[in-house]
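Structural overview for review
Now for the letters of each chain:
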Amino acid sequence: MKVVVRSIGPLAAALGGKEVAVEVSDGASLAALLSHLARGRPEVANWIARPDALQVFRSRSPLRGEEPLRDGDLLDLVVAVAGG
């Protein structure tokens, strides 16, 4: 099945674009997708390794690690930003 991952800034650069289509196996979880995205991409792996650094949304609702993905999902990966 295919899902589309959207991101911006350095995360988008590390993934190869602001919108990337990814093939995953049927019933794959968010955790499986993130692991797939991190393979061979150390910059992506760094964000995924820190649970407070990355939020994932499906239709504006937060998505958690073991939740199953659906064919055609549009996922937004948002890197947490802090400042003062």
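Attention in this report is confined to the structure presented alongside it. Computed from a predicted structure; not experimentally measured.

**Let's talk about the pairing of strand E2 (residues 19–23)**
- Here E2 shows one buried face, formed by Val20 and Val22, and one open face, formed by Glu19, Ala21 and Glu23.
- Note: strand E1 (residues 2–6) against E2, five bridges, orientation antiparallel. Each residue of the ladder has a partner; that of Val3, found in E2, is Val22.

**Remarks on the sheet that holds E2**
- In spatial order, the strands read E2-E1-E5-E3-E4; together these five strands make up an open sheet with mixed pairing. Edge positions in the open sheet fall to E2 and strand E4 (61–62), since each of these has one partner strand only.
- Pairing analysis gives two bridges linking strand E3 (residues 54–58) to E4, with the strands arranged antiparallel. In the strand pairing of E4, Phe57 is matched with Pro62.
- Along the sheet, helix H2 (residues 30–38) makes contact with E1, E2, E3 and strand E5 (74–79), crossing E2 at roughly 110°.

**Comments concerning the pattern of salt bridges**
- Considering all chains together, one arrives at four salt bridges under this definition.
- The residue Arg6 makes a salt bridge to Asp76 at a minimum N-O spacing of 2.7 Å. Of this pair, Arg6 sits in strand E1 while Asp76 is found in strand E5, placing the two residues 70 residues apart along the sequence.
- You can call Arg6 partly exposed: its relative accessible area is 31%.
- Look at Asp76 and you get partly exposed, because its relative accessible area is 21%.

**Focus: the packing of H2 against helix H3 (residues 42–49)**
- At a minimum axis distance of 8 Å, the contact between H2 and H3 shows a crossing angle of 145°. Facing Leu34, Leu37 and Ala38 of H2, the residues of H3 in contact are Val44, Ala45 and Ile48.
- Looking at the contact of H2 with H3, its residues break down into six nonpolar, no polar and no charged.

Parameters and conventions
Residues numbered from 1 in each chain as written. Predicted model: local features only at pLDDT ≥ 70, side-chain atom pairs only at ≥ 80, totals over all residues. Heavy atoms only, no water. Buried < 20%, exposed > 50% of the residue type's maximum accessible area, 1.4 Å probe, protein only. Helix = DSSP H or I, 4+ residues; strand = E, 2+ residues; numbered from the N terminus. Pairing = 2+ DSSP bridges. Contact = heavy atoms within 4.5 Å. Axes fitted to C-alpha atoms, helices over the stretch in contact; angles between N-to-C directions. Salt bridge = Lys/Arg side-chain N within 4 Å of Asp/Glu carboxyl O. Nonpolar A, V, L, I, M, F, W, Y, C, P; charged D, E, K, R; others polar.

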